Amino acid sequence: MDKITKMSDAILLGCKHSAQAFGVMRDTAGRTCALGAAAEAIGFNPMLDGEIAINRRWPMMYDEQLIKCPVPDCDFFSPFGENPILTPVQVLMHLNDNHRWTREEIAHWLREKGM
Ligand SMILES: [Zn+2]
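Conventions used here
- Residues numbered from 1 in each chain as written.
- Predicted model: local features only at pLDDT ≥ 70, side-chain atom pairs only at ≥ 80, totals over all residues.
- Helix = DSSP H or I, 4+ residues; strand = E, 2+ residues; numbered from the N terminus.
- Rg over C-alpha atoms; globule rule 2.2 N^0.38 Å.
- Buried ≥ 20, exposed ≤ 12 C-beta atoms within 10 Å, placed from the backbone.
- Contact = placed C-beta atoms within 7 Å.
- Core = buried A, V, L, I, M, F, W, Y, C linked by C-beta atoms within 7 Å.

Engineer: An account of the overall build of the chain is requested, with residue identities and associated values reported.
Structural biologist: Helix and strand content of the chain: five helices and zero strands. Of the regular secondary structure in the chain, the N- to C-terminal order runs α-α-α-α-α. Since a compact globule built from 115 residues should have a radius of gyration of about 13 Å, the 14 Å found for the chain is in line with a globular shape. Expressed as lengths along the three principal axes of its C-alpha atoms, the size of the chain is roughly 40 × 25 × 25 Å. By the burial criterion, 32% of the 115 residues in the chain qualify as buried. Look at the contacts in the chain between residues 6 or more apart in sequence, and 47% of them connect residues 24 or more apart.

Engineer: I'd like a description of helix H2 (residues 34–41), backed by residues and values.
Structural biologist: With eight of eight residues buried, H2 is to be regarded as a mostly interior element. Listed as buried for H2 are Ala 34, Leu 35, Gly 36, Ala 37, Ala 38, Ala 39, Glu 40 and Ala 41. The inward-facing, buried residues of H2 abut helix H1 (7–14), helix H3 (50–57), helix H4 (88–97) and helix H5 (103–112). At the exit of H2 stands Gly 43, carrying a positive phi of roughly 90°.

Engineer: Break down the nonpolar core for me, citing the residues and quoting the values.
Structural biologist: With 26 residues, the main nonpolar core has Met 7, Ile 11, Ala 34, Leu 35, Ala 38, Leu 92 and Ile 106 as its most contacted residues. Only H1, H2, H4 and H5 provide two or more residues apiece to this core. The element contributing the most residues to this core is H2, with six residues. Apart from residues no more than four positions distant in its own chain, Ile 11 is found in contact with Ala 34, Ala 37, Ala 38, Arg 103, Ile 106 and Ala 107.

Engineer: Run through the environment of Ser 8, naming residues and quoting values.
Structural biologist: Structurally, Ser 8 can be placed in helix H1. Each C-alpha atom of the pair Ser 8 and Asp 97 lies 17 Å from the other, and the pair is 89 residues apart in sequence. Contacts of Ser 8, omitting those with residues within four sequence positions, involve Ala 107, Leu 110, Arg 111 and Met 115.

Have a look at this one:
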């Protein structure tokens, strides 16, 4: 068992090994999104069992809570002004794919939330 306890640490470790991917956990060139990087860091294949492993290790990433995209004025999840209930992993993927935050930036955002 690895010693990684936080999702943010897993992302920071995993992103050292490859460039960033967008829209997929890992592309054919081996690039990974923030979620894929975390999966690789804990020893799982992003394209097979990576998300299941993350769900088991960090179930709070899948808790529904009032969490917002940290980008000011972003209305991606609430185009009509409603306040959506999101999971941290939904926002994480959105930051990776839509705002093109680096995986390091995403990890720091998560760390500020204690995850
Ligand atoms: Zn956003």
